[in-house]
Amino acid sequence: MSQPDRPDEFSLIEQVFAPLSAEAPGAFGLTDDAAVFSPGEGMELVLTVDAIVEGVHFLSSDPADGIAQKLLRVNLSDLAAKGAIPRGYLLVTSWRPDTSLAWIESFAAGLRRDQQTFGISLWGGDTVSTPGPLTFSVTAIGEVPRGKLLRRSGARPGDDIYVSGTIGDGALGLAAAEGQLGGTLEDIQFLIDRYRCPQPRNALGPRLIGLASAALDVSDGLMADLTHMCETSRVGARIEGARIPLSPAASHAVDANSSWFGTALTGGDDYELLFAAAPENASAIAAAATESDVPVTRIGTIMSREEGVHAVDSHGRPLTFSRLGFTHF
């Protein structure tokens, strides 16, 4: 049953979403069927798309503005991992008939805040109705110097392995939001906030061009995404568990129950950058981290393909996991 306060499709676009395109002349105020954008001289376009589904990627109880921010940020994280500067995005929204105008306006407010934070605009998209769960998709567009795109392939034996920020907050935050994790109210809220609103590393990513030999973001879980990078690069890897950077809140959870450490390494939703780089680039990487105000930590070494992808504890003993990360199927 339709909500009486919700306008029709075109009025909704004009009223709620067209203002998000005001800073993008090529979006034509969302009044046309497409947008135009010309990359800068010597630059090439980078495109990425991700969808999030209610009950799979976010909880029905999550606030609308936070859902919108997570939707946008997971795509911006993909651009960061490519070394790309974000410029704009296309948005597809699938609303249930009972989704209120107030909820949609809050969703748009979350987008507006992040547009200001990351210097991007809405360029276009599509708005449809669905009888199923709320579903949203963003295609993010960025640009990178021609031929300089950071890829998953390129890691070489002997390279150092780094991650930005901290690992495990997203997965532990989901556990906290579902009432599965104990701890102080401060720790619980910190982890839930990290799950709901990840921090894409768009200041760091472009600075890794010329330094990183391979890169991607941690969405499915550190071990799973490292495996993806190694498979594409045809190499192996050794991770030192003691070097994994944990936030104080995650450390408290692991100290209380060591099984949460496995969740931290395999749970996903971190949206931190995972990258490989030659040892001689260590000083330049430290400088890039300082310039972008994003901490990075060396956590392991790229090995030969025959040695596989594995993690060890502080005594060199293998760490085992029931799964490597999140899978959609």
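Preceding this paragraph is the structure being described.
Residues numbered from 1 in each chain as written. Predicted model: local features only at pLDDT ≥ 70, side-chain atom pairs only at ≥ 80, totals over all residues. Heavy atoms only, no water.

**Q** Which residues make up the pattern of salt bridges, and what values go with them?
**A** Inspection of the entire model under this criterion finds 15 salt bridges. Residue arginine 87 pairs with glutamate 143 through a salt bridge whose shortest N-O separation is 2.8 Å. Taken together, the residues arginine 87 in strand E2 (residues 85-95) and glutamate 143 in strand E4 (residues 135-145) connect sequence positions 56 residues apart. For glutamate 143, a relative accessible area of 6% puts it in the buried group. (Salt bridge = Lys/Arg side-chain N within 4 Å of Asp/Glu carboxyl O. Helix = DSSP H or I, 4+ residues; strand = E, 2+ residues; numbered from the N terminus. Buried < 20%, exposed > 50% of the residue type's maximum accessible area, 1.4 Å probe, protein only.)

**Q** Tell me what's going on with the packing of aromatic side chains, and back it up with residues and numbers.
**A** Inspection of every chain in the model, using the stated rule, returns 10 aromatic pairs. With a centroid separation of 5.1 Å and 10° between ring planes, the pair formed by tyrosine 162 and phenylalanine 275 is classed as stacked. Taken together, the positions of tyrosine 162 in strand E5 (residues 160-164) and phenylalanine 275 in strand E8 (residues 273-277) put the pair 113 residues apart, joining distant regions of the chain. In this pair, the class of tyrosine 162 matches that of phenylalanine 275, namely buried. These aromatic residues form a ring-pair network of at least three members: Phe17, Phe58, Trp95, Trp103, Phe107 and Phe136. The aromatic ring of tyrosine 195 is capped on one face by lysine 70, whose charged end is 3.9 Å from the ring centroid. (Phe/Tyr/Trp six-rings, centres within 6.5 Å; stacked < 30°, edge-to-face > 60°. Lys NZ or Arg CZ within 6 Å of the ring centre and 35° of its normal.)

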